[in-house]
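Residue-level structural notes
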Amino acid sequence: MKRLCRLVSVLAIAAVMLTACGEKPKRFDRVDAGNVKHVTISVDGDENPENDIAKRPGVTELVDMYNSAKLFETDEAKTEDVTKEQTLYFFRYYDYDEKLIGECVISPDGYVYMPEEGDTLYRLKEGFDEEAVKNVIAEYDINARQPVV
């Protein structure tokens, strides 16, 4: 009986250890929303941003999306294949001294890469909410048309 209990205990511990050894998600370096002056977004993934979000609600929403993202390294695709896509969202977060404090490139399919990491490709665990980003751009972009009062 003791032997059976010991065997069951060893199997249970082994199962817990194997489960705990699963792949842990990577996260972006945390950005403090209070330190972000504005976020630039390029929808075609190039260096020249078409959108500049400087209003606090828009900045806060984009920082929350950035900070809550969970990434898993993937080999489902290659970085060069993702960069060939027509639509890529290139996010850059700037502080009040105009210093770059965070950046990433996200495809609508949820693939992510960081320019400073080279060819390492990640996939968002929760997927990419492209509509939420489009809504932030439409509502808070400093270049968007403001209603005439």
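The text that follows walks through the structure, step by step, so that each part is easy to find. Bear in mind the structure is a predicted one, so any value in this text is a computation, not a measurement. (Residues numbered from 1 in each chain as written. Predicted model: local features only at pLDDT ≥ 70, side-chain atom pairs only at ≥ 80, totals over all residues. Heavy atoms only, no water.)

Let us look at the pairing of strand E4 (residues 89-94). For E4, the buried fraction is high: 6 of the 6 residues fall into the buried class. Pairing of strand E1 (residues 38-42) with E4, which is carried by 5 bridges, proceeds in the antiparallel orientation. Residue pairing across strands places His38 opposite Tyr94, the latter belonging to E4. Here 6 bridges tie E4 to strand E5 (residues 100-106), and the two strands are oriented antiparallel to one another. (Buried < 20%, exposed > 50% of the residue type's maximum accessible area, 1.4 Å probe, protein only. Helix = DSSP H or I, 4+ residues; strand = E, 2+ residues; numbered from the N terminus. Pairing = 2+ DSSP bridges.)

A few words now on the side chain of His38. With respect to the helices, strands and loops of the structure, His38 is situated in strand E1. Of the polar contacts made by the side chain of His38, one reaches the side chain of Asp52; its length is 2.7 Å. Within polar-contact distance, the side chain of His38 engages the side chain of Glu98 at 3.0 Å. Not counting the four nearest positions on each side in its chain, His38 is found in contact with Asp52, Ile53, Ala54, Val59, Arg92, Tyr93, Tyr94 and Glu98. (Polar contact = N/O pair within 3.5 Å; in protein donor to acceptor, adjacent residues only side chain to side chain. Contact = heavy atoms within 4.5 Å.)

This part covers helix H4 (residues 130-140). Within H4, burial applies to Ala132, Val133, Val136, Ile137 and Tyr140. End-on, the buried residues of H4 take up no more than an arc of 140°, which puts them together on one face. On its buried side, H4 packs onto E1, strand E2 (51-53), helix H2 (56-68) and E4. (Arc of directions from axis to C-beta.)

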